[in-house]
Every structure is written in structure tokens, then in C-alpha cells.
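The residues making up each chain are set out below.
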Amino acid sequence: MSLLATGTDYEALAAHFRPIFARIAEGTVARERERILPHQPISWLKAAGFGTVRIPKEKGGWGASLPQLFQLLTELAEADSNLPQALRAHFAFVEDRLNQPDSAERDRWFGRFIDGELVGSGWTEIGTVKLGDVITRVTPGESGWTLSGEKFYSTGTLFADWIDVYARRNDNQGDVIALVNTHQPGVTREDDWDGFGQRLTGSGTTRFANAHVEQEHVYDFAIRFRYQTAFYQHVLLATLAGIGRAVARDGAQAVAARNRVYSHGNGGAARQDAQILQVIGEITSLAFAVEATVIRATHSLQSAYVAHLSSDEAQVAAVNVQAEAEAGQAQVIVSELVTRASTELFNALGASDTRVSKALDRHWRNARTVSSHNPVVYKARDIGDWKVNGTPPTGIWQIGRGEG
């Protein structure tokens, strides 16, 4: 019988991790300025059992619900927005295991995660790959599989012990997920992600040269958990919600500490200027609306998780459509509001707050980068088509070179 992770005492859960989040936040600006990868913060989270938040208590984890997971990721993103995204593939693979029948093989994965091991991502191929094609291949052999190919946007792999790789079988051309151990010479990871935001997520190139994959670590993609696209999006939504909280926090702190005023302002100090206070109030309200939107959408995702045990296919399909639709609606509005808040922040401050040493520009850069995942214009169209025509939102999609 499968065990469901339906929730725990959130305050006790958060209290365990908040001191670590505070320590992470202390070094965020320095890491951002000097482009220091967060190996140490990741090690703190691993040691504290962060990777086990969703594993049922009966299996040694925290047993958090999906709303609780994403609330916790929001708190982590407020400390450093790179970290939830770096752990995105890990929590997705844990979620996939939670959706599979109870077994010794599943328990072995849970045991690895309890020991602190993490999973990174290896899905996207760039360059001349045609839409729908998969160049990364796995080949069966007597002692397991061999994996060869190259991935980019391989988020979190620089910190991971395993990589969740989307590949195609050479024998029957079926699409699979291969879990490959990073601690072998056949795996090469490069820190060559050069985006202007989310620069410390470990999202570079990963190469596989006849990398070994255990026989039991290749899974048919068709049995992957059904709400995976919405789940991946929710990690980005929680990241954006955390950025919104950080913008509101940094704005309030900067105004409270600011001594310089303008002759045509409205008070003897910035903290007494009604217009400046209005800006902070607007930013804080935007952050509040974003977080409320994200929290609301997580409940349909939990419903989709619970429904995986149901034998009523119509009901399962309906809750999965709802989860995908709510994730899309949240993405449309959250992407706009957080980038607006991170721009409006500077209307409450002065030119001195644009200095590189303060790194306040990271909020807009990071929010804009996260919002560029999974193009929001297509999500808005999907939602409109769903509302008008009843067309289910796009669940699984690919990217590659077109024919035009």
C-alpha cells in the first residue's frame, strides 16, 4: 500500500530550517557579486534533511504536503532565489517516486535522500536538434545501460549526486528517464550558464560519454507522474514569490535606514515621506498578492497527487487539468507582478542604491530570468482556450529547431 504525504506541522518544519535560511541569506549578496556557487548552502540543507521534506514520515521524511513544500521553498527563495531552482529536479524526482507503488526499489531511493543525496536535471538539448528529436541515447547491455549525449540548462547538476536525464532508447526508440550517478568519469559537468539572472543555479552543460546507468534506473517516460509540468512550474512560482518577499524586505529596510532626502520631498527622513511609504506599501502588496496566488494554486496540485491512487480515470484527468490550469494562471500574473515590484523598488530609493555592491538589481534580473522559463504568452493562450473551448492546457511539450 502506498503512503501519502498529506502534511505535517508547518511551523515545526519551518522552525527547523529557518536558522539555515537566515545563514544562507547572510551570504547571498556576496555570492551574487562574486559569482560564488552555493556549494556550502546546499551542504547545509542536505545535512538538515531538506531533500526529504516530501518523503512520508513512515519512510523517514517530514511528510509535508505540496502546499507546505512550496511555502517552504518560498521562504528559501527569499533567502536566495537560486537555491529552490537548483533543487527543482530533486523534488520532481522525489515526487515521481511518491507516485509509484511502494517497493524495495523506491525505499532505496528514499534511503539515499535521507543520507543527503540530491538529484539534478538533464532534459534540454540545444543547437540543431529537431523539434521532437532526442539526441541523448541509452543503450542496454549485460551489466546495465550506457548513456551518451549532451544537455544544457541542466539545473542543479553541479550540486547533485544523480542526474534525471531525458533520453531515448537505442533498441526500441522509446523515451525514458535515466538516473545516472555523477560520481563517475563518464559524466562531465560545466559551469557555463551565462544568463543575466539566476546565475548560481548550476544550470550549465552536462556531457555523458558512455556513462554507466544501473539496470533498474531506466524508467519509461510514459509512467512519469502526470502533474509533472505543473509541479516544475510551481517551483518557479515559489521562487518568484520568494523574490517578491525579498524585494519588499529590502525596500523596507533600505528606506528605514536612509538619511538622505530631497528638498522637494515630503519629510525630514525617507521613512516619514508619504510618497515613499506609498511605494513600499505597493511593493509589499504586490508581494502579498503573489504569495497568495501561489499558495492557492498549490492546493489543486495536492489534489492531483492524492488522486493518483484513484481508479476513477475521469476524476484523475479532471484534477490534473485543474492543477495545470491553475499553475498557468498563477504564472501569467505572478511573472508580471514580481518584475513590476522589483522595478518599483527603486522609486523608493536613490541612485546610491543602484551600486553593484548592494546587488539590488539581482531581484529584477532573477525574476525576469525565472519568468522566461515556459513562455508566459503560451500559458495565457492555453488558459484562454481552456476557458472558451474547454481544451485542456498543454501538459507535455518539447523544444527544438522548427522547419521554417
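Procedures and definitions
Residues numbered from 1 in each chain as written. Predicted model: local features only at pLDDT ≥ 70, side-chain atom pairs only at ≥ 80, totals over all residues. Heavy atoms only, no water. Helix = DSSP H or I, 4+ residues; strand = E, 2+ residues; numbered from the N terminus. Buried < 20%, exposed > 50% of the residue type's maximum accessible area, 1.4 Å probe, protein only. Contact = heavy atoms within 4.5 Å. Polar contact = N/O pair within 3.5 Å; in protein donor to acceptor, adjacent residues only side chain to side chain. Salt bridge = Lys/Arg side-chain N within 4 Å of Asp/Glu carboxyl O. Axes fitted to C-alpha atoms, helices over the stretch in contact; angles between N-to-C directions. Parallel < 35°, antiparallel > 145°, perpendicular 65-115°, else oblique. Left-handed = near helix turned anticlockwise from the far one by under 90°. Nonpolar A, V, L, I, M, F, W, Y, C, P; charged D, E, K, R; others polar.

Under the annotation held in an unreviewed UniProt entry, the protein carries the name Acyl-CoA dehydrogenase and is attributed to Candidatus Pantoea symbiotica.

A. Inspection of the side chain of T201 at higher detail. Inspection of the secondary structure puts T201 in the loop between strand 6 (187-189) and strand 7 (204-213). The class for T201 is buried, based on a relative accessible area of 0%. Contact partners of T201, with chain neighbours within four places excluded, come to N82, Q85, A86, T155, G156, F159 and W193.

B. Layout of the environment of S154. Checked against the element boundaries, S154 lands in strand 3 (residues 144-154). What makes S154 buried here is its relative accessible area of 0%. Between the C-alpha atom of S154 and that of E190, which follows or precedes it by 36 residues, the distance is 9.5 Å. Apart from the residues within four sequence positions on either side, S154 is in contact with S121, G122, G202, S203, G204, T205 and T206. Of note is the side chain of S154, whose polar atom sits 2.5 Å from the backbone oxygen of G204.

C. Focus on the pattern of salt bridges. Per the stated rule, a full pass over the model turns up 30 salt bridges. Here D171 ties to R169 by a salt bridge, and the two come within 2.6 Å at their closest N and O atoms. Assessed through its relative accessible area of 22%, R169 is described here as partly exposed. For E336, the salt bridge is made with R340, and the minimal N-O distance between the two is 3.2 Å. Of this pair, E336 and R340 both sit in helix 10 (residues 313-344), four residues apart, roughly one helical turn.

D. A look at the packing of helix 9 (residues 274-307) against helix 10. As a packed pair, helix 9 and helix 10 sit with axes 8 Å apart at the nearest point and diverge in direction by 165 degrees. With respect to helix 10, the axis of helix 9 lies roughly antiparallel. The way helix 9 lies across helix 10 gives a crossing that is left-handed. In terms of residue class, the contact of helix 9 with helix 10 is made up of 19 nonpolar, six polar and four charged.

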